[in-house]
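Residues per chain are reported as follows:
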Amino acid sequence: MPDKNKITLILILIFTISPFFMAKYIYDHQELLDKTKTTSKGHLISQNKIFNISNLDLKNSTVKSTSTMDWVDNKWHLLYFPENNKINNEIINTLQNVNIALGKNESRLQRVIITTSDDNLNVGNIPNSQKFLSLKQISKNNKNNLYLKFNILEYQDTIWIADPLGNVMLYYTQPFDQHKFKDILADLKKLLSISIIG
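Since the model is a prediction, treat every value here as computed from it, not as a measurement.

1. Looking at the pattern of salt bridges
Thinking step 1. On inspection of all chains with the given rule, the structure shows one salt bridge.
Thinking step 2. Across the pair Lys59 and Asp57 runs a salt bridge, and its minimum N-O distance is 3.0 Å.
Thinking step 3. Look at Asp57 and you get partly exposed, because its relative accessible area is 42%.

2. A word on the packing of aromatic side chains
Thinking step 1. Applying the stated criterion across every chain, the model contains eight aromatic pairs.
Thinking step 2. Centroid distance Phe81 to Trp160: 6.2 Å. Interplanar angle 70°. Geometry classified as edge-to-face. Of this pair, Phe81 sits in strand β4 (residues 76-81) while Trp160 sits in strand β7 (residues 158-162), and the two are 79 residues apart along the sequence. Each of the two residues, Phe81 as well as Trp160, counts as buried.
Thinking step 3. Ring centres of Phe150 and Tyr171 lie 5.3 Å apart, and the angle between their planes is 55°; this geometry places the pair in the tilted category.

3. Observations regarding unusual backbone geometry
Thinking step 1. With an omega of 5°, the peptide bond running from Gln174 to Pro175 counts as cis.
Thinking step 2. Tracing the chain through its elements places Pro175 in the loop between β8 (167-173) and α5 (178-194).
Thinking step 3. The phi dihedral of Asp57 is positive, around 55°, even though this residue is not glycine.
Thinking step 4. Tracing the sequence through the fold places Asp57 in the loop between β2 (51-52) and β3 (59-60).
Thinking step 5. With a phi angle near 55°, Asn151 is a residue other than glycine that sits in the positive phi range.
Thinking step 6. You can see Asn151 is positioned in the loop between α4 (140-149) and β7.
Thinking step 7. Of the residues examined, Asn151 reaches a relative accessible area of 70% and is grouped as exposed.

4. Section: helix α3 (residues 89-101)
Thinking step 1. In a regular helix each residue adds 1.5 Å, so 13 residues correspond to 18 Å; α3 covers 18 Å between its end C-alpha atoms and thus fits that length.
Thinking step 2. Those residues of α3 not exposed but buried are Ile91, Ile92, Thr94, Leu95, Gln96, Val98 and Asn99.
Thinking step 3. In the core, the buried residues of α3 are packed alongside β4, β5 (109-115), β7 and α5.
Thinking step 4. The backbone nitrogen of Glu90 lies 2.9 Å from a side-chain oxygen of the residue at the head of α3, namely Asn88.
Thinking step 5. Immediately downstream of α3, the backbone of Gly103 shows phi near 65°, a positive value.

5. Quick word on a nonpolar patch on the surface
Thinking step 1. A surface patch of nonpolar side chains, about 520 Å² in accessible area, is lined by Ile7, Ile10, Leu11, Ile14 and Phe15.
Thinking step 2. With respect to the secondary-structure elements, Phe15 resides in helix α1 (residues 2-28).
Thinking step 3. Residue classification places Phe15 among the exposed residues on the basis of a relative accessible area of 62%.

6. Comments concerning the side chain of Lys180
Thinking step 1. Relative to the assigned elements, Lys180 resides in helix α5.
Thinking step 2. For the buried Lys180, no salt bridge exists, and the shortest N-O distance to an oppositely charged side chain is 6.1 Å, to Asp177.
Thinking step 3. With sequence-adjacent residues up to four places away left out, Lys180 is seen in contact with Tyr172, Thr173, Gln174 and Pro175.

7. What to know about the confidence of the model for the chain
Thinking step 1. On average, residues of the chain score 83 in pLDDT, and 83% of them are at 70 or above.
Thinking step 2. In the model of the chain, helix α2 (residues 31-34) stands out as the element of lowest mean pLDDT, 62, in contrast to β7, which has the highest, 94.

What counts as what
- Residues numbered from 1 in each chain as written.
- Predicted model: local features only at pLDDT ≥ 70, side-chain atom pairs only at ≥ 80, totals over all residues.
- Heavy atoms only, no water.
- Salt bridge = Lys/Arg side-chain N within 4 Å of Asp/Glu carboxyl O.
- Buried < 20%, exposed > 50% of the residue type's maximum accessible area, 1.4 Å probe, protein only.
- Phe/Tyr/Trp six-rings, centres within 6.5 Å; stacked < 30°, edge-to-face > 60°.
- Helix = DSSP H or I, 4+ residues; strand = E, 2+ residues; numbered from the N terminus.
- Expected span 1.5 Å × (residues − 1).
- Contact = heavy atoms within 4.5 Å.
- Polar contact = N/O pair within 3.5 Å; in protein donor to acceptor, adjacent residues only side chain to side chain.
- Patch = residues over 30% accessible without salt bridge, like charges linked within 9 Å, V, L, I, M, F, W, Y side chains within 5 Å.
- Areas by Shrake-Rupley, 256 points an atom, 1.4 Å probe, with all protein chains shown as cover.
- Lys, Arg positive; Asp, Glu negative; His and termini not counted.
- pLDDT = per-residue confidence, 0-100.

Below you can see the structure in the form of structure tokens.
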């Protein structure tokens, strides 16, 4: 009989104490939690890598188009870095459709094309129907450093999302297909629905 009582006592102690040890283990090994599925569709920038648009030292583009507008602060920004300054009109048009699909939140987003120089930059192909579109320049060195920081190949088109305070939080890389643009739209809708700024 005493052995049965000892076994019962040991089982009670194990079931009482083991959750504390499991919680401590998970707390000490939080990387296990990072492998769980996130709700964002793009590449979420980790807390230690978040950066501000102002760190990119963007300049106004010298190229003007009737379809572009000046940079507007206090808006969400969709930043498009074209590969080798070759603006892909299909991406531009699809990003405009993403912008329009935001419905009542359409005016809360500004799309920005960021190139490394105005050399060979042809904005004549950008349709005049483009709204909320801005052109900016970044130094080649700053762009290379940015791509290096996130292990992005230099020759890729990339799209980034920044909040109204300029904090860049998500990015997307090629290939840009309809599925990827649906992901961008889903992330933007989620961000705009929970944001009280912009």
